[in-house]
Amino acid sequence: MKRSLISSRFVVVIIFLVTATLHSSCESGCPEQRMALAQRLQNKYSAETLEYYAQIAFGSELGKGSNDHSLRWHKDVKIKVFGKPKYTTDSLALINVVKELNEIIEPITISFTTGDDYNVRFDYISIFDVNKVLHRPKDDHRVFAGRFKVIGAYGKIRKAQIVIIEEARDGVRVSTIWEEVTQVMGLMQDRTTHPESVFYESDSNRHYNEKFAEIDKELIRIHYNEDLPNMNKGEFIEMFQCEN
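Residues numbered from 1 in each chain as written. Predicted model: local features only at pLDDT ≥ 70, side-chain atom pairs only at ≥ 80, totals over all residues. Heavy atoms only, no water.

Asker: Would you mind going over the overall build of the protein with me for this structure?
Answerer: Each helix and strand in the protein was counted, giving 8 helices and 5 strands. Reading the protein from its N end, one meets helices and strands in the order α-α-α-β-α-β-β-α-β-β-α-α-α. Among the 244 residues that make up the protein, the fraction classed as buried is 43%. Sequence-distant contacts, at least 24 apart, represent 74% of the contacts inside the protein between residues at least 6 apart. Accessible area for the protein stands at about 14,100 Å²; split by element, carbon and sulfur atoms hold 53% of it. (Helix = DSSP H or I, 4+ residues; strand = E, 2+ residues; numbered from the N terminus. Buried < 20%, exposed > 50% of the residue type's maximum accessible area, 1.4 Å probe, protein only. Contact = heavy atoms within 4.5 Å. Areas by Shrake-Rupley, 256 points an atom, 1.4 Å probe, with all protein chains shown as cover.)

Rendered as structure tokens:
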């Protein structure tokens, strides 16, 4: 009987110590501001949306790391177009995606410029000029409909470039314009989980998304309108685990 009492007290002490340790770890790992941010995001967005954001907003589809910090513009975006679109659908796609982004994003505006004050270079080029424009080796023969490049650090995008290949099929080019312009805003990953999304990665050239899905709009709102701190993917996920 005495042994049982000692054993029970021992277990109670262990549980108390473990609980106290977890509580202390949570407090030290999740500042009060981040806990409040996690609660606010969970109140406004579904778990599916927040999970998709974690997959899309950190790192790049062309990058090596999977836990990179997110990047976004902290100043107005000015796009300068180089070259001429082969079809009017290309110009309309570019105008429409910029218009929709401006309707969603609050802190900054996106516009076109013909001067040298641009921070996004948008190139319509032939497949034969890709290596020269993107400064790739001459023996690099990878084929694609479009590409983007973002330069930034410490959570801030400084400048970007978008390349659209004029030989790509019409629907592919338009869909690529929607995707690449949105990706240079800092949402730089692709996934195979949401076919309706502009970030959908498909092996088929017959899958076109020429407008934002509702979940795309929510990702853009989270990225720009929620005053997120500079953090990496692990810190973003940990914020919700600690809050719960």
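Asker: I would appreciate a short explanation of the confidence of the model for the protein in the present structure.
Answerer: Do not read the fine detail of predicted coordinates wherever pLDDT is low. On average, the protein scores 83 in pLDDT, and the residues at 70 or more come to 78%. Every residue in residues 1-28 scores below 50 in pLDDT, and together they form 1 contact with partners more than four places removed in sequence or on other chains. (pLDDT = per-residue confidence, 0-100.)

Asker: Any chance you could explain the pattern of salt bridges here in plain terms?
Answerer: Between side chains of opposite charge, pairing is possible as soon as their charged atoms come close. All chains considered together, the criterion is met by 9 salt bridges. Salt-bridge contacts for Asp 90 lead to Arg 173; the nearest nitrogen and oxygen are separated by 2.9 Å. Of the two residues, Asp 90 sits in helix 4 (residues 88-104) while Arg 173 sits in helix 6 (residues 170-183), which places them 83 residues apart along the sequence. Comparing Asp 90 with Arg 173, the two get one shared label, buried. Several salt bridges share partner residues, and in doing so they unite Arg 40, Lys 44 and Glu 226 into one network. (Salt bridge = Lys/Arg side-chain N within 4 Å of Asp/Glu carboxyl O.)

Asker: What is the right way to look at the environment of Asp 90 in this model?
Answerer: Residue classification places Asp 90 among the buried residues on the basis of a relative accessible area of 1%. Separated by 74 residues in the primary sequence, Asp 90 and Ile 164 have C-alpha atoms spaced 9.4 Å apart. The residues contacting Asp 90, other than those within four sequence positions of it, are Pro 85, Tyr 124, Asp 170, Arg 173, Val 174 and Ile 177. Within the structure, the side chain of Asp 90 is placed 2.9 Å from the side chain of Arg 173, a separation counted as a polar contact. (Polar contact = N/O pair within 3.5 Å; in protein donor to acceptor, adjacent residues only side chain to side chain.)

Asker: What should I look at first to understand the pairing of strand 3 (residues 120-125) in this one?
Answerer: Sheet faces and side chains relate simply in a regular strand, where the side chains alternate between the two faces. Of all 6 residues in strand 3, 5 are buried; the element is thus mostly enclosed. Bridge count for strand 1 (residues 77-82) against strand 3 is 4 bridges, and the pairing is parallel. The partner of Phe 82 across the bridge, within strand 3, is Asp 123. As paired strands, strand 3 and strand 5 (residues 156-165) are joined by 6 bridges and run parallel to one another. Each bridged residue has a counterpart across the sheet, and for Arg 121 the counterpart in strand 5 is Gln 161. (Pairing = 2+ DSSP bridges.)

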